[in-house]
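Breakdown of the fold
Here is what each chain is made of, one letter per residue.
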Amino acid sequence: MTAPVSISLDVNGERVDALVLPRLNLADFLREQLQLTGTHVGCEHGVCGACTVRVNGEIVRSCLMLAVQAHGTAVETIEGLSDSGEVADLQAAFRDRNALQCGFCTPGMLMAAQDLLKQEARPDRDRIREHLSGNYCRCTGYQAIIDAVETTARVRGGRRV
Amino acid sequence: MKAAAFAYARATSVVNALDLLEAHGGRAKVLSGGQSLMPAMNLRLISPEFVVDIGEIAELRGIAVTGDSVRIGALTRHVELQSSPVIAAHTPLLTEAIAHVAHPAIRNRGTIGGSLAHADPASELPACMVALNATIIIRGKAGERRVEAKDFFTGIYETVLSPQELLVAVELPTGRRKSAHFFHEFARRHGDYAIAGLAAQAVVEGDLFADLRLAFFAVGDRPVLAKVATKLTNMAITPADLSAALSVLSQELDPQSDQQASASMRRHLARVLLARCVGTLLGRPDLGAGGSA
């Protein structure tokens, strides 16, 4: 049973059938087999959050999930959210607020920030910090990222920035 | 790093999982949410030859009130506990504690059964189970056995579970009238493992504790149900009484030193936690300041 396992899942709205080794994690499956390299691999033990994707609508660490565990699920990566325009305003705010810098953490940050903004229309800075606390950034000192998420929340809420 | 190669089976039922564990148990690991197992495997701290994935077993899911207890299936995820009105109504200690368990992306996958079976002495849920006097329900080929939470944990990452057994559920007694709870932990960053923490469940009658269960975590090799609680129940506590209890607590605990904190710092933090707990639950700010002295 160390042989490859057959899985079927939905990735960014498209049906995917694949054979994967049990040890392959979801992040590497997305990157190496599907060429969806927006999902980044940082620490590979669940600390940094760069590999955050959505599975069945909820954010998860794709380095802490086996590809075989994704059988039957709907996975959404940063490519899916970006192409659909779901996070276009958030991406613009990150750019405007200089919240990108090296960009390595950005896909995970966007996934986590969008997750919060879907759940809460008016998160304050403390709530934003708490929700993003599982995502590391080594460039911005977080302030610019919090600014960008806060700005997006205000604009989405129809409030003045 | 990446996990070493292993064979994998997706269990279809508890009986099927037990069959797989009977065949492979000594060389196998049970995978539920994977939020502790996967990091350990990725870091090559463990390399099981066989992984039994129980994630699809529907009978292990769900939160239900039965009689005077709440039964939580092993596969119930942290996010489900956190948002459950049943948990909030009957065991609010758990609702409060879950907010300190890692981060949202981890809470979406991590399960209560996985956390308890993993038995990290610095994690929140084992201590909550001890404070709440939970019963851990274990299934093996021979049938079911029930173990009190305080007897379930036997050391760092060690429990009474045998490799052929599966943790299937926990049962928590529903809250008594006048019950009160306290939860606090010291961590470097919100969501990190605690440097020292306390989960407490109490029954307060007037100015007294009629019952007090103090479960300290990250200050020993397992959650510690502090015996010093008996010195604080059914009596009007004076500052001198509390001070004496804090000294007894220091003697009772045997914390480890590591990169995060020395043993003496952990003892100090545990005293602070106990003083705050007593002061908060009794509405006695004069006592709450005692631990910082």
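Just above sits the structure.
Source: prediction; values computed, not measured.

Bringing the sheet that holds strand S7 (residues 143-148) of chain B into the picture now. Residue and element names in this part refer to chain B. Overall, antiparallel pairing links the five strands, which are arranged S4-S5-S10-S6-S7 in an open sheet. The open sheet has two free edges, formed respectively by strand S4 (63-66) and S7, since each of these has just one partner strand. Sheet twist, expressed as the mean angle between neighbouring strand axes with direction ignored, is 25°. With respect to the sheet, helix H1 (residues 14-24) is in contact with strand S6 (135-140) and strand S10 (166-173), its orientation differing from that of S10 by roughly 130°.

The final tally for this structure, using the stated rule, is two aromatic pairs over all chains. Consider the rings of Phe183(B) and Phe217(B), whose centres lie 5.7 Å apart with planes at 25°: the pair is stacked. Of this pair, Phe183(B) sits in strand S11 (residues 179-186) while Phe217(B) sits in strand S13 (residues 208-217); the two residues are 34 residues apart in sequence, bridging distant segments of the chain. Above the face of the Tyr136(A) ring, Arg138(A) is positioned so that its terminal group lies 4.7 Å from the ring centre.

Turning our attention to the environment of Ala74(B). All names here are of chain B. Considering the arrangement of structural elements, one finds Ala74 in the loop between strand S5 (69-73) and helix H3 (78-83). For Ala74, a relative accessible area of 4% corresponds to the buried category. Setting aside residues no more than four positions away along its own chain, Ala74 makes contact with Leu60, Thr111, Ile112, Gly113, Gly114, Leu167, Val168 and Ala169.

It is worth spelling out the nonpolar core at this point. Ranked by size, the top nonpolar core spans 72 residues in total, and within it Leu26(A), Phe29(A), Val75(A), Ile72(B), Leu116(B) and Met129(B) carry the most contacts. The leading source of residues in this core is helix H8 (residues 124-131) of chain B, at six residues. Apart from the residues within four sequence positions on either side, Phe29(A) is in contact with Ile7(A), Leu9(A), Val16(A), Ala18(A), Val20(A), Leu24(A), Leu34(A) and Ala67(A).

Cut-off values and rules
Residues numbered from 1 in each chain as written. Chains lettered and ligands numbered in written order. Predicted model: local features only at pLDDT ≥ 70, side-chain atom pairs only at ≥ 80, totals over all residues. Heavy atoms only, no water. Pairing = 2+ DSSP bridges. Helix = DSSP H or I, 4+ residues; strand = E, 2+ residues; numbered from the N terminus. Axes fitted to C-alpha atoms, helices over the stretch in contact; angles between N-to-C directions. Contact = heavy atoms within 4.5 Å. Phe/Tyr/Trp six-rings, centres within 6.5 Å; stacked < 30°, edge-to-face > 60°. Lys NZ or Arg CZ within 6 Å of the ring centre and 35° of its normal. Buried < 20%, exposed > 50% of the residue type's maximum accessible area, 1.4 Å probe, protein only. Core = buried A, V, L, I, M, F, W, Y, C linked by side-chain atoms within 4.5 Å.

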